[in-house]
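Next come the chains, spelled out residue by residue.
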Amino acid sequence: MELAELLDIAEEWQKAQKPIRICCCTSTACQPTVSLAIKQALEEAVAAEDLEDQVQVCGVGCLGLCGKGPLVKIEPDEIVYEQVSPDQAPSIVAALKGETSAASKLEPEHPFFTRQMKVVLEHSGNIDPERIEDYIRVGGYQALYHALHEMTTDEVVDAMVSSGLRGRGGAGYPTGLKWATVAKSRGERKFVVCNGDEGDPGAFMDRSILESDPHRVLEGMAIAAYTVGADQGFLYIRGEYPLAIKRLQKAIQQGKRMGLLGTQIFETSFNFRVDIRIGAGAFVCGEETALMASIEGGRGTPRPRPPYPAESGLWGYPTLVNNVETFANVASIIRNGPKWFADIGTEGSKGTKVFALTGQIANTGLIEVPMGTPLREIVEDIGGGAPGYGSVKAVQTGGPSGGCIPADLFDTSLDYESLFRIGSIMGSGGMVVMDETTSMIDVADFYVEFCMDESCGKCVPCRVGTQQMHQLLTKIRSGEATRDDLDRLEELCDVVRHTSFCGLGQSAPNPVLSTLRYFRNEYEALLSDHDVV
Amino acid sequence: MTVKTLTIDDKLVSAREQDTILDVARESGIPIPTLCHLDGVKDVGACRLCLVEIASGSPDRPNRLQPACVTKVVEGMVVYTATERLKKYRRMIVELLFSERNHICSVCVANGHCELQDIAITVGMDHVRYEYVSPLCEVDITHGLFGVDQNRCILCTRCVRVCDEIEGAHTWDVAGRGIGARVITDLHQSWGEARSCTSCGKCVLACPTGAIFRQGATVAEMDRDRSRLSVLMTAREKREWIG
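Along each chain, residue indices are assigned from 1 in the same order as the chain's sequence is written. Numbering of ligands from 1 and lettering of chains from A proceed in the order in which they are written. The predicted origin of the model limits local features to residues at a pLDDT of at least 70 and limits the giving and counting of side-chain atom pairs to 80 or more, whereas totals for whole chains, interfaces and linings rest on all residues. The side-chain quantities take in all heavy atoms of the structure and omit both hydrogens and water.

**Student:** Break down the overall build of chain A for me, with residues and values.
**Tutor:** If you tally the helices and strands in chain A, you get 22 helices and 14 strands. With C-alpha atoms as the basis for the radius of gyration, the globule rule is written as 2.2 Å multiplied by the number of residues raised to the power 0.38. Relative to its length of 533 residues, chain A is compact, with a C-alpha radius of gyration of 24 Å against a globular reference of 24 Å. Structurally, chain A occupies a C-alpha span of about 80 × 65 × 40 Å along its principal axes. The buried share among the 533 residues of chain A stands at 62%. Helix and strand labels come from DSSP, where a helix needs a run of H or I of at least four residues and a strand needs a run of E of at least two; each type is numbered from the N terminus. For each residue, the accessible area found with a 1.4 Å probe, counting protein chains only, is set against the maximum for its type, and the residue is called buried under 20%, exposed over 50%, and partly exposed in between.

Written as structure tokens, this is what we have:
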């Protein structure tokens, strides 16, 4: 494959596009069985109306507003129909001729669409995730060509460093620095690992990216592999994401067939093979050392760090581990330059962030905003506030490792530091909205119970500590607890946080600590001796 | 070989490059409690009792807690092994262990020869303030010589490591997760059916509590000479049996 060939494919596919495209979301949230039926019905309707030479029906990735799915988008008019059913297909096609459609139309000026900034999700909902040509049509794999032919590995590292990109898996470690470390580490061979073991309750950013734009992730991994000197990559996807696995398998096959993965990529000496590893349902395997143990075929438990994976990872070789969303940013950074990326966001947090907006909110779905966007804008404008007459009480970010942010702190800017300062974390991007009917203790207990179930059992504080925290929270919820129990709970939070082996245990108390910080009165009201001074 | 100097509890000590904090502390007579550590086999840092405080060197940043058994020495490192905070954490970790399964010393075969019991005394854990979890645990006495009582197990995985690293049989492993984690033989067969077991008894020697025992042993006979395990490893590493 040469650049000219790549551009030829892009042009050919652009030409093959018909003037009007009807895009059906075929991602998990829009229930692929229904949306495929819709797609078929639309195709039949187009044929019935004899519009086949002008209208094309295609399956695309996530359109964002998952709560209103199944969604159908008409291009180039950017009309989006919500809650479509197959029997509405004829009327949607008829609307192309100017008739009024029976299907419910979403306002194109809706803040949900206008307030977002799409980098990672730029092609999500626009291209067919099952066709590599459609990704090439929108400029795909050009960044890889550019990196391989026009940049040295040092230049790619420099670009990543100056872009200011930080790991999107949760901890926010500078990506460029990690790449530089792996590039400098000595090893007979090296590995690149993509962490797609997204497990936070309510989070589906990585799933959507993998389902909607799989080649983007592969391209990012390939650029990373070239930069650090790896020839083998592993994509670790959780087993609960069958559609993402299927699409990635297809994408890898297509990439290999076109010479964009495999050996002598773009006629260079760079080889890169990618294999999929499927997670078997353990949350702890999202922790990088446990993930590597799982890839190696061992029991998914964390091991001590240092040595860090960058120095000694898979089978003892230097290994670069990045999250799906991190890799999904790479091609854009190489294509548009690090400065373009660094101009988005805040001083310490660059670029955009994808969030999965769920819970008691009008517009449930997947959004992408620049770092530093105030939380209020997401909840009230993009999310549309609580459904019905309710009001939003708090937002939980960062999953079981994060915390609850009360409504009076909604002006907080969404960046790594600000969220940490108020007792939560950015995390991978789960955002669960709660209204005033939610008991914050129930929320805290939900997450503690989650961590308790997901603890691998290796270290004592996490294995037994989370169990005891859950028992104390249950006691508080039942109204039988005393002030002593609350003290004991706080003491446990302290010990579990500071003595646990890995991030799972160390952050497990966060939901309790943050709700204690902002909603202590709710805890105290439930104590049996709360009136006693 | 490079030699490093560091400070442990305000005492200047020297260490070999590859030493861990635990190695140096032991050599210098500074006690650090441990449970999962066993001389001769790899450390896993699981019990969290050997956590020490490593000075951050700046008043703005808090000291880091690191397990002494897997943390390598660094030149100029300042380590504290027995701060009030550490003592409290250790006491609570032991308390959590006691609350997990059945650790009633008076009815245990290992009474008086139990490292968990010793540690409880060392760290001053004299009562349990948490509700007992008491999960349903099995006792397996299908093996001809030995038995395992999961009720006493603290999941230190010493048995797993001696079996794998010294005996080379890898009969033991861990199954399940969280509070449901159990040490198992082979692919969760009963011990008597575990074909890979060589009946060498190293797991019995390694077990810090009364979880793995020799059948019919009395309380007085539960004294286990664990140094035999490290002697084996040293002999193998230094090839002491040759010539």
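Now that the structure is up, let's keep going.
**Student:** Lay out the domain arrangement of chain A in plain terms, naming residues and giving numbers.
**Tutor:** Residues and elements named next belong to chain A. What fixes the domain bounds is an automatic or database domain assignment. Here chain A is described as being made up of domain 1 (17-114), domain 2 (139-342), domain 3 (352-435) and domain 4 (440-525). Each of domain 3 and domain 4 has a C-alpha centre, and the two are 22 Å apart. Across the boundary between the two partners, domain 3 contributes 16 residues, which contact 15 residues of domain 4. Both sides of the domain 3 and domain 4 interface together cover about 1,200 Å² of buried area, and 63% of this is carbon and sulfur. A pair is scored as a salt bridge if a Lys or Arg side-chain nitrogen falls within 4 Å of a carboxyl oxygen belonging to Asp or Glu. Here domain 3 and domain 4 share one salt bridge between them. Close ionic contact of glutamate 522 with lysine 393 constitutes a salt bridge, the shortest N to O distance being 2.7 Å. Polar contact is the term for a pair of N or O atoms within 3.5 Å; when the atoms are in protein, one must be able to donate a hydrogen and the other to accept it, and sequence-neighboring residues count only if both atoms are side-chain atoms. One can count seven residue pairs in polar contact (both at pLDDT 80 or more) joining domain 3 with domain 4. Secondary structure elements with two or more residues in the side of domain 3 that touches domain 4: β12 (392-397), β13 (403-406) and β14 (430-435). Nonpolar residues are Ala, Val, Leu, Ile, Met, Phe, Trp, Tyr, Cys and Pro. Charged residues are Asp, Glu, Lys and Arg, and all others, Gly as well, are polar. Looking at the side of domain 3 that touches domain 4 residue by residue, the classes come out as eight nonpolar, six polar and two charged. Any two residues whose heavy atoms approach within 4.5 Å at even a single point are treated as in contact. Summed over both partners, the accessible surface that disappears when two parts come together, traced with a 1.4 Å probe, is what is meant by buried area.

**Student:** Any details on the pattern of salt bridges? Residues and values, ideally.
**Tutor:** Opposite charge on two side chains lets them pair, provided their charged atoms get close. Residues and elements named next belong to chain A. Inspection of every chain in the model, using the stated rule, returns 46 salt bridges over all chains. With a closest N to O distance of 3.1 Å, glutamate 417 and arginine 166 form a salt bridge. Here glutamate 417 is found in helix α16 (residues 416-421), whereas its partner arginine 166 is found in the loop between α7 (153-163) and α8 (175-184), with 251 residues between them in sequence. Glutamate 417 sits in the partly exposed class, given a relative accessible area of 36%. Arginine 166 gets classed as buried once you look at its relative accessible area, which sits at 15%. Between lysine 475 and aspartate 485 there is a salt bridge, and its shortest N-O distance comes to 3.2 Å.

**Student:** Explain the interface of chain A and chain B to me, using residue names and the numbers behind them.
**Tutor:** On the side of chain B, 30 residues touch chain A, which itself brings 30 residues to the contact. The largest per-residue losses of area from chain A upon contact with chain B belong to Arg299(A), Val460(A) and Arg463(A), which jointly make up 21% of the total buried on that side. Counting the contacts that link chain A with chain B gives three salt bridges. When the shortest N-O distance is used, the salt bridge between Arg129(B) and Glu491(A) registers 2.9 Å. One can count 17 residue pairs in polar contact (both at pLDDT 80 or more) joining chain A with chain B. Among the secondary structure elements, those contributing two or more residues to the side of chain A that touches chain B are α17 (440-454), α18 (460-477) and α19 (483-499) of chain A. Sort the elements by how many residues they give to the side of chain A that touches chain B and α18(A) lands first, with nine residues. Residue composition of the side of chain A that touches chain B, grouped by class: 11 nonpolar, 10 polar and nine charged.

**Student:** Talk me through the side chain of Arg137(A); I want residue IDs and the actual numbers.
**Tutor:** By secondary structure assignment, the location of Arg137(A) is in helix α5 (residues 132-137). Setting aside anything within four residues of it in sequence, one finds Arg137(A) in contact with Ala10(A), Trp13(A), Gln14(A), Gln17(A), Arg21(A), Asn126(A) and Ile127(A).

**Student:** Break down the state of the cysteines for me, with residues and values.
**Tutor:** Residues and elements named next belong to chain B. We call a pair of cysteine sulfur atoms a disulfide whenever their separation is within 2.5 Å. Applying the stated criterion across every chain, the model contains zero disulfides over all chains. We note that cysteine 153 lacks a disulfide partner, and the nearest cysteine sulfur, in cysteine 159, lies 6.4 Å from it. Cysteine 153 gets classed as buried once you look at its relative accessible area, which sits at 7%. Residue cysteine 159 stays outside any disulfide, its sulfur separated by 6.2 Å from that of cysteine 156, the closest cysteine. On the basis of relative accessibility, which here comes to 7%, the residue cysteine 159 falls in the buried class.

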